[in-house]
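Chain and residue survey
Chain residues, written in single-letter form:
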Protein chains: 2
Amino acid sequence: MGQRPRVAVVGAGSWGTAFACVPARGGCRVTLWARRRELADAIASDRRNPEYLEGVELPEALTATHDVERAVAGADVVVMAVPSHAFRDVFAEVVPHLGPDASVVSLTKGIEQDSLMRMSEVVREVGDLPEDRVAAVSGPNLAKEIAGGQPSASVVACADERRAEALQVAFMAPYFRVYVNPDVVGVELGGAFKNVIALAAGIGDGMGFGDNSKASLMTRGLAEIARLGKQMGGNPLTFAGLAGMGDLIATCISPLSRNRHVGEELGKGRSLEEIVAETKMVAEGVKSSRGVVRLAEKLGVDVPIAEHVCRVLYDGMTPQDMVRSLMEREARPELEGLDDDA
Amino acid sequence: MGQRPRVAVVGAGSWGTAFACVPARGGCRVTLWARRRELADAIASDRRNPEYLEGVELPEALTATHDVERAVAGADVVVMAVPSHAFRDVFAEVVPHLGPDASVVSLTKGIEQDSLMRMSEVVREVGDLPEDRVAAVSGPNLAKEIAGGQPSASVVACADERRAEALQVAFMAPYFRVYVNPDVVGVELGGAFKNVIALAAGIGDGMGFGDNSKASLMTRGLAEIARLGKQMGGNPLTFAGLAGMGDLIATCISPLSRNRHVGEELGKGRSLEEIVAETKMVAEGVKSSRGVVRLAEKLGVDVPIAEHVCRVLYDGMTPQDMVRSLMEREARPELEGLDDDA
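Quick caveat, the model's predicted, so the values are computed rather than measured. Residue positions within a chain follow its written sequence, with the count starting from 1. Throughout, the order in which chains and ligands are written sets their labels, letters from A for the former and numbers from 1 for the latter. Since the coordinates come from a predicted model, pLDDT governs what is reported: local features require at least 70, and pairs of side-chain atoms require 80 or more to be given and counted, while whole-chain, interface and lining totals use all residues. Heavy atoms from the whole structure form the basis of all side-chain values; hydrogens and water molecules are not counted.

Thoughts on empty space enclosed by the protein
This is how it is decided: Cavity means a closed set of points on a 1 Å grid over the protein atoms alone, one where a 1.4 Å probe fits but cannot get out, pocket means an open set with protein on both sides within 12 Å along at least 5 of 7 lines, and lining means a residue has an atom within 4 Å of a point. Grid points are joined across faces, edges and corners, and a volume is the space filled by probe spheres set on the points. Polarity classes work like this: nonpolar for Ala, Val, Leu, Ile, Met, Phe, Trp, Tyr, Cys and Pro, charged for Asp, Glu, Lys and Arg, and polar for all others, with Gly in that last group. In this description a helix means any DSSP run of H or I spanning at least four residues, a strand means any run of E spanning at least two, and both kinds are numbered starting from the N terminus.
Across all of its chains, the model carries seven cavities of 30 Å³ or more by this definition. If you go around the largest cavity, you meet 13 residues; those closest to its centre are Ala223(A), Leu338(A), Leu237(B), Ala240(B) and Gly241(B). Considering only residue class, the lining of the largest cavity consists of nine nonpolar, two polar and two charged. What lines the second largest cavity is a set of 13 residues, among which Leu237(A), Ala240(A), Gly241(A), Ala223(B) and Leu338(B) lie closest to the centre. For the lining of the second largest cavity, the element with the most residues is helix H9 (residues 211–231) of chain B, which contributes five residues.

Laid out in structure tokens, this is it:
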């Protein structure tokens, strides 16, 4: 990768833009791609992203373009930061310009709706790439805080340890610690599933429950994520890390989290239709919850919290009945489905 | 244990009292012991604990006494709910009255100062008891919320699986889910160490950091707890459960947590002396931090967050230097010291 790698970040939303600043401030040349020319031009000329990250001055080493070829050709690292529903199509535009040894890194937290594929699987299928060239970065990633230089930490996961370490060096900053973990499956699943648990945590907030209830729910939610992840081939310990617990905590406690907020409104007794009509956007967890439950059914894994969230979202179950039903389940060993000895 | 076990709860603080309500509401006869006669009498006559759990009506099946023999003799289950510094002496008073097959359950979250022993180790030493008779209950245990019937969950840990299951049945209530876990070491260590991490989380709050920073710190804090716990013979997965992550979250996010609050004041630049002078009490984490660091040193485990908390508490390190020093450490694999394959 030479001295400092050249980096392309594909997707100029808040997280893509905030993430692009990290290697740029660390001395890498970074090109940020935005689909819309106006946004790319505004970023390039004003050193700000007026739509998604207002108020943050972007570093000198960061340029922007709406031309995929200009962004990607010659880049040592291509970072994908587009929503899951657009990921496949955008990456198909990237592939023709991808260098022969470029790394592809996904920042996207979601599961593809119909295929139930993780984003790194989409990358490998669309780009016909071996697993050692594909990585995922995840963790507690509230974009505004990271762009503001507040200390935080994330994980880079890649099957190829040397590539993971090179990416770690490229992405590490004084305010952004990066840890490596070989478990791509676990790191990606944590990001996709946590939004569903954040909906449940928000429901509890809306019903007026306290920090104990929330902590219990988040912990049992993480056990669901870990059980499913283990069945998919992930390492259960990954879920106790930054891409599991870390991301889940940030999402469930942040007043700004969209998923938690939608849950809170549900917990107050409002319907999904009312909430969507008012906020004019669909939280990622609302999209992911059915996918997660379908994935769990396919693999024979018990995910009671995710299932109950689906029932509240789509089957008219009340939050009160959700809580009663979850609390009355038969008592189980805590580590069931996680620990081979349990 | 017959139909419904007879339960003695030794210690009428807020958590002992709140916990005593759970089996009492489930049909067990429960006796709560308070050291001071006035408190025992007030609880017995008013069905309230005016000092530690005001505003909660205690169930009919709960009686109170200041006489250890009356509380403990004939009890199938003796629950210890006294602070760690008083634990050994109070349990020595309990031992002569302990039935030949009574279970002893510790609710206390701490490490004995000089011996560095966990509470279940103190029980076994003082009572000369085999490990299969000693259990620990831990989890997110904000007393007021549980006494108020808000849904939450905890873990009962015992080396004897059948005894753990019997305790699970005794302690389970519609609002209080109990999971079993054979890992006593892990369950106890999680409760003792989390207060130290809560101090660190509070320091971040006091410095004005956001939810990302907090989630990152809590996650890396849990990795320290898990590394130390594994070295002590615990199961790393326990720390991803209710007695690890669950308790840590509740303590770090609750505005009511004493440890988090002391940390917040430190983060604002105040000294420990000023804070202690004002609050007139010492948070448990302040007591535990040195013990945890000594335990880690003895076992050769790296616990950077706990060490830095000690330096801020006792060596005059500023919170700013603490953050800088923690963020500039060499980057490591995320699961180092946890995963045998890592």
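Some thoughts on the interface of chain B and chain A
Counted only if it meets this: When checking whether two residues touch, look at their non-hydrogen atoms; a contact exists if any pair is within 4.5 Å. Using a 1.4 Å probe, buried area is obtained as the accessible area two parts lose upon being combined, added over both of them. By salt bridge we mean one thing: a side-chain nitrogen of Lys or Arg within 4 Å of a carboxyl oxygen of Asp or Glu. Here a polar contact is recorded for every N or O atom pair within 3.5 Å, except that within protein the pair must consist of a potential hydrogen donor and a potential acceptor, and residues adjacent in sequence are included only if both atoms are side-chain atoms.
Tallying the contact residues gives 62 residues for chain B and 62 residues for chain A. Both faces considered, chain B and chain A share a buried interface measuring about 4900 Å² in area, 62% of it formed by carbon and sulfur atoms. Three residues, Asn212(B), Met327(B) and Glu334(B), lead the burial of chain B against chain A; their summed loss comes to 15% of the area buried on that side. Summed over the shared surface of chain B and chain A, the number is zero salt bridges. Across the chain B-chain A interface, the total number found is 28 residue pairs in polar contact (both at pLDDT 80 or more). Elements that contribute at least two residues to the side of chain B that touches chain A include exactly helix H6 (143–147), strand E7 (152–158), strand E8 (176–181), H9, helix H10 (242–253) and helix H15 (319–327) of chain B.

Topic: the pairing of strand E8 (residues 176–181) of chain A
All names here are of chain A. Threshold: Each residue gets one of three labels from its accessible area relative to the maximum for its type: buried under 20%, exposed over 50%, partly exposed in between, using a 1.4 Å probe on protein chains only. One bridge is not enough; two strands pair if DSSP finds at least two bridges between them. We call a crossover right-handed when, viewed with both strands directed away from the observer, the connection leading from the first strand over the helix to the second proceeds clockwise.
Most of E8 is tucked away, with six of its six residues classed as buried. Where strand E7 (residues 152–158) and E8 come together, six bridges link them in parallel fashion. For Ser 152, the partnering residue across the bridge sits in E8 and is Phe 176. Handedness of the crossover joining E7 and E8 through helix H7 (residues 161–171): right-handed.

Focus: the packing of aromatic side chains
Here is the rule: Classification of ring pairs rests on two measures: the distance between centres of Phe, Tyr or Trp rings, Trp counted by its six-membered ring, which must be within 6.5 Å, and the angle between planes, read as stacked under 30 degrees, edge-to-face over 60 and tilted in between. Counted as over-ring charges are cases with an Arg CZ or a Lys NZ within 6 Å of the ring centre that also lie within 35 degrees of the ring normal.
All told, the structure shown has six aromatic pairs over all chains when counted by the stated rule. Taking the centre distance of 4.8 Å and the plane angle of 70° together, the rings of Phe19(A) and Phe171(A) count as edge-to-face. Linking Phe19(A) in helix H1 (residues 14–25) with Phe171(A) in helix H7, this pair joins segments that are 152 residues apart in sequence. By relative accessible area, Phe19(A) is classed as buried at 0%. Aromatic side chains Trp15(B) and Phe19(B) sit 5.5 Å apart centroid to centroid with 75° between the ring planes, which places their arrangement in the edge-to-face category. Here Phe19(B) and Trp15(B) lie together in helix H1 (residues 14–25), a separation of four residues that amounts to about one turn. For the pair Trp15(B) and Phe19(B), one class covers both residues: buried. Grouping aromatic residues by their ring pairs yields a cluster made of Trp15(A), Phe19(A), Phe171(A) and Phe176(A). In this structure, Arg290(A) packs its charged tip against the face of Tyr314(A), placed 3.7 Å from the ring centre.

Digging into the domain arrangement of chain A
Residues and elements named next belong to chain A. To keep it simple, the criterion reads: Boundaries of every domain are those given by an automatic assignment or by a domain database.
Segmenting chain A into domains produces domain 1 (7–182) and domain 2 (185–327). Here the C-alpha centroids of domain 1 and domain 2 sit 26 Å apart. Across the boundary between the two partners, domain 1 contributes 24 residues, which contact 23 residues of domain 2. Carbon and sulfur atoms supply 63% of the area that domain 1 and domain 2 bury against each other, a total of about 1900 Å² over both sides. Put simply, domain 1 and domain 2 have two salt bridges between them.

Structural notes on the side chain of Arg163(A)
Residues and elements named next belong to chain A. Its place among the elements puts Arg 163 in helix H7. Judged by its relative accessible area of 9%, Arg 163 is buried. There is a polar contact of 2.7 Å between the side chain of Arg 163 and the side chain of Ser 103.

A word on the relation of the copies chain B and chain A
For clarity, the cut-off: When the copies are superposed, the least-squares fit takes in the C-alpha atoms of residues with a pLDDT of at least 70 in both.
The two copies are related by a screw operation: chain B maps onto chain A through 180° of rotation and 0.0 Å of translation along the axis, at an RMSD of 0.0 Å. Such values leave the two copies arranged in the relation of a two-fold axis. Closest approach to the rotation axis within chain B is made by the C-alpha atom of Ala240(B), at a distance of 2.6 Å. The fraction of interface residues of chain B whose copies in chain A are also interface residues reaches 100%, indicating that both copies meet through the same surface.

Some words on the nonpolar core
For clarity, the cut-off: Joining through side-chain atoms within 4.5 Å is the link that ties buried Ala, Val, Leu, Ile, Met, Phe, Trp, Tyr and Cys residues into a set, and such a set is a nonpolar core.
Among the nonpolar cores identified, the biggest contains 102 residues, and Phe193(A) and Phe193(B) are the most heavily contacted of them. Excluding residues within four positions of it along the chain, Phe193(B) makes contact with Glu224(B), Ile225(B), Leu228(B), Val292(B), Val303(B) and Ala306(B).

Focus: the packing of helix H8 (residues 184–206) of chain A against helix H10 (residues 242–253) of chain A
All names here are of chain A. Our working definition: Every angle, taken between N-to-C directions, lies between 0 and 180 degrees, and every axis is a line fitted to C-alpha atoms, over only the stretch in contact when it is a helix. By the definition adopted for this analysis, an angle is roughly parallel if under 35 degrees, roughly antiparallel if over 145, roughly perpendicular if from 65 to 115, and oblique otherwise. Left-handed describes a crossing whose near helix is turned anticlockwise from the far helix by less than a right angle; the clockwise case is right-handed.
Running from N to C, H8 and H10 point in directions that differ by 30°, and their axes come no closer than 9 Å. As summarised for this structure, H8 and H10 are arranged roughly parallel, according to the angle between their axes. The hand of the H8/H10 crossing is right-handed. Contact residues: H8 offers Val 187, Gly 190, Gly 191, Lys 194, Asn 195, Ile 197, Ala 198 and Ala 201, while H10 offers Ala 243, Asp 247, Leu 248, Thr 251 and Cys 252. Of the residues belonging to the contact of H8 with H10, the class tally is seven nonpolar, four polar and two charged.

A look at the state of the cysteines
Basically, it comes down to this: Working definition: a disulfide is two cysteine sulfur atoms within 2.5 Å of each other.
The full count for this structure, using the stated rule, is zero disulfides over all chains. Cys28(A) provides the cysteine sulfur closest to Cys21(A), a residue in no disulfide bond, and the two sulfurs are 13 Å apart. The exposure class of Cys21(A) is buried, given its relative accessible area of 0%. In this structure Cys310(B) is a free cysteine whose sulfur lies 16 Å from that of Cys252(B), the closest cysteine sulfur available. Note on Cys310(B): relative accessible area 11%, which makes it buried.

Focus: the sheet that holds E8(B)
All names here are of chain B. Across the sheet, eight strands lie side by side as E3-E2-E1-E4-E5-E6-E7-E8; this open sheet has mixed pairing. Looking at the sheet topology across the chains shown, the edges are occupied by strand E3 (62–65) and E8. Ignoring strand direction, the axes of neighbouring strands in this sheet form an average angle of 25°. Alignment of strand E1 (residues 7–10) against strand E4 (residues 77–80), held across four bridges, turns out to be parallel. Along E4, the bridge assignment pairs Ala 8 with Val 78. Where helix H7 (residues 161–171) meets the sheet, its contacts fall on E4, strand E5 (103–106), strand E6 (134–138), E7 and E8, and the angle it forms with E8 comes to roughly 175°.

Quick word on helix H15 (residues 319–327) of chain A
Note the threshold: When we speak of the arc, we mean the arc of directions from the helix axis to the C-beta atoms.
When H15(A) is considered as a whole, its buried residues turn out to be Pro319(A), Met322(A), Leu326(A) and Met327(A). Down the axis of H15(A), the smallest arc covering the buried residues is 120°, so these residues share one side. Lining the buried residues of H15(A) we find H8, helix H11 (258–267) and helix H14 (304–314) of chain A together with E7 and E8 of chain B.

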